[in-house]
Amino acid sequence: MLTAIGFASVYIARQEVISTASLTYAGFFFLLYLAAHLVARYTVPFADPYLLPIAGLLAAIGLTEIYRLQPDDAFKQGVWIVVAVALFALTLFLLRYDYRRLETFKYLFGLTAIALLVLPILPVFGLTVNGARLWVHVGSLRFQPGEVAKIALIIFLAGYMREKREVLAQGRPKDWGPLLVIWVLAMLVLLETRDLGGGLLYFGIFLAMLYVATSRLAYVAAGLGLFIIGAVGVWKVTPHVQERVTIWLHPWTEQKVQCPLNGQLELRQNCESFQLVKSLYSIGNGGYGGTGLGKGTFTNIDGHSLIPGSTTDFIFSAISQELGLVGAAALLLVYMIFVLRGMRTALLAQDGFSKLLAAGLTFGFALQTFIIVGGILRLIPLTGITLPFVSYGGSSVVANFVLLAGLLLVSNRANREALR
């Protein structure tokens, strides 16, 4: 339903006649989300009633904006949403009786997470996009294994920390081993993939779950210190990370500098920081109320895109221009409500594994949102992480619908036990 409304809004805003094909697509997605709702009502009747509608709203906003920018990509995204909803339903059906049996396979999930993170490094499957090795390609199919690795890592950490919680809470020096191991792995991923955002995401999830398991701020402080030290070390030896930090700190220059893209002297805003600068101009152009849906400026007079990657990394910039500060703030509030409901689920969970699982899934979702929005707004260096449910990308939307299924499973059990 929400996606159908989104498609209709685009046509109305652009003052075009709604074609029969458009109405067909809208009706199809209405039935798709209706089916997802019915599956959720059947499998997890006591689950939080707000999580699925919020996810539907975010996916609708994303699909609407993608259609406005790249209609062909919108069709592909629609196909991926169908796959994502199917996997969402399959997850609920397979785990509706007791999802906690996943804890039995925690080490298998841990190994799977490591294997998925290593895949982009392999010369046969790995693919470098915009200087970072985050992608894997099999024929014409491309996906980011890190999106799935995130969920596998959370399941492993939830099971491991539930088992070792008392030992970790004692804070003995020998118990810092897991912290150091995860830190080393995060730094290796950051170094090999040249992705500062990915390293921050995985290590941030680990620290958040460690705090939930032990309630010790010392672990968090030590972990942040280690990450800063490691990030500075990687920055010193990795040119791509150095470039991202330079773009973050100095996106504009008055003097021409060496442009690595063409080897000539250019202003940095016309070379390395072109995307970020155009993104900031796009946000500024939106003002408070926005230009109106379908009325933003994203191409020059020659038809070339002003913001490369406007449907992926920079879709928040496009939304901010057309919906303005009010619309962008409303979008972030929707994310905050999702995070609030997810954390509420973690608080209501009765067993340690469920509590850690819900907290990890929710914090990972929140941190990923912060990393990409913070990068676009120049709060932190820009990374290639997607905006959950909104950005164009099959692996991202599939992983986030599976994440949603996990939260619904935990919420269903917690609410059911609370009613007894």
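Residues numbered from 1 in each chain as written. Predicted model: local features only at pLDDT ≥ 70, side-chain atom pairs only at ≥ 80, totals over all residues. Heavy atoms only, no water.

Draft legend 1. Local environment of the layout of surface pockets. The space that makes up the second largest pocket amounts to roughly 480 Å³. Together, 23 residues line the second largest pocket, and T91, F109, I151, I155 and V402 are the ones closest to its centre. Looking at the lining of the second largest pocket, the elements with two or more residues in it are α4 (71–95), α5 (106–118), α6 (145–169), α13 (352–376) and α14 (394–419). The element contributing the most residues to the lining of the second largest pocket is α14, with seven residues. (1 Å grid on protein atoms, 1.4 Å probe; cavity = no way out; pocket = protein on both sides within 12 Å on 5 of 7 lines; lining within 4 Å. Points joined across faces, edges and corners; volume = space filled by probe spheres on them. Helix = DSSP H or I, 4+ residues; strand = E, 2+ residues; numbered from the N terminus.)

Draft legend 2. Region of interest: the packing of helix α12 (residues 315–348) against α13. Contact geometry of α12 with α13 gives a least axis separation of 9 Å together with a crossing angle of 165 degrees. As far as their axial angle goes, α13 and α12 are roughly antiparallel. Handedness of the α12/α13 crossing: left-handed. For the pair formed by α12 and α13, the contact residues are F316, S317, L332, Y335, F338, V339, G342, M343, T345, A346 and L347 on the first element and K355, A358, A359, T362, F363, F365, A366, T369, V373 and I376 on the second. Of the residues contributing to the contact of α12 with α13, the split by class is 15 nonpolar, five polar and one charged. (Axes fitted to C-alpha atoms, helices over the stretch in contact; angles between N-to-C directions. Parallel < 35°, antiparallel > 145°, perpendicular 65-115°, else oblique. Left-handed = near helix turned anticlockwise from the far one by under 90°. Contact = heavy atoms within 4.5 Å. Nonpolar A, V, L, I, M, F, W, Y, C, P; charged D, E, K, R; others polar.)

Draft legend 3. Quick peek at the state of the cysteines. Applying the stated criterion across every chain, the model contains one disulfide. Covalently, C259 is tied to C271 through a disulfide, its sulfur atoms 1.8 Å apart. Because the torsion about its S-S bond is 75 degrees, the bridge between C259 and C271 counts as right-handed. Of this pair, C259 sits in the loop between β4 (257–258) and β5 (265–266) while C271 sits in the loop between β5 and α11 (274–286); the two residues are 12 residues apart in sequence, bridging distant segments of the chain. Take C259: its relative accessible area is 3%, and that puts it in the buried class. A relative accessible area of 6% means that C271 is categorised as buried. (Disulfide = S-S within 2.5 Å. Buried < 20%, exposed > 50% of the residue type's maximum accessible area, 1.4 Å probe, protein only.)

Draft legend 4. Expanded view of the pattern of salt bridges. Using the criterion set out here, one finds 10 salt bridges in the structure. Two residues, E322 and R68, come together in a salt bridge whose shortest N-O distance is 2.4 Å. Here R68 lies in helix α3 (residues 51–69) and E322 lies in helix α12, a separation of 254 residues in the sequence. One network of salt bridges, with partners in common, ties together D98, R100, D351, R413 and E417. (Salt bridge = Lys/Arg side-chain N within 4 Å of Asp/Glu carboxyl O.)

Draft legend 5. Inspection of the packing of aromatic side chains at higher detail. Evaluation of the coordinates by the stated rule reveals 11 aromatic pairs. Sitting above the plane of the Y219 ring, R216 keeps its charged end 5.6 Å from the centroid. (Phe/Tyr/Trp six-rings, centres within 6.5 Å; stacked < 30°, edge-to-face > 60°. Lys NZ or Arg CZ within 6 Å of the ring centre and 35° of its normal.)

Draft legend 6. The arrangement of the environment of F46 in detail. Inspection of the secondary structure puts F46 in the loop between α2 (20–43) and α3. Along the primary structure F46 and N415 are separated by 369 residues, whereas in three dimensions their C-alpha atoms are 5.9 Å apart. Setting aside residues no more than four positions away along its own chain, F46 makes contact with S411, N412, N415, R416 and L419.

Draft legend 7. Spatial organisation of the environment of K106. With respect to the secondary-structure elements, K106 resides in helix α5. Sequence-wise, K106 and L157 are 51 residues apart; in three dimensions their C-alpha atoms are separated by 7.7 Å. Ignoring anything within four residues of it in the chain, the contact list for K106 reads I155, F156, G159, Y160 and E163. Here E163 takes part through its side chain, which lies 3.2 Å from a polar atom of the side chain of K106. (Polar contact = N/O pair within 3.5 Å; in protein donor to acceptor, adjacent residues only side chain to side chain.)

Draft legend 8. Molecular detail of the nonpolar core. Residues M161 and L404 are the most contacted members of the largest nonpolar core, which totals 99 residues. The residues contacting L404, other than those within four sequence positions of it, are L51, L52, A55, F88, F338 and F389. (Core = buried A, V, L, I, M, F, W, Y, C linked by side-chain atoms within 4.5 Å.)

Draft legend 9. Spotlight on the packing of α3 against α4. Between α3 and α4, the least distance of the axes is 7 Å, while the angle of their chain directions is 160 degrees. Here α4 runs roughly antiparallel to α3, going by the angle between their axes. The hand of the α3/α4 crossing is right-handed. Here α3 contributes L52, A59, L63, I66, Y67 and L69 to the contact with α4, which in turn contributes P71, D73, A74, Q77, G78, I81 and F88. Residue composition of the contact of α3 with α4, by class: 10 nonpolar, two polar and one charged.

Shape is all these values report; function is a separate question.
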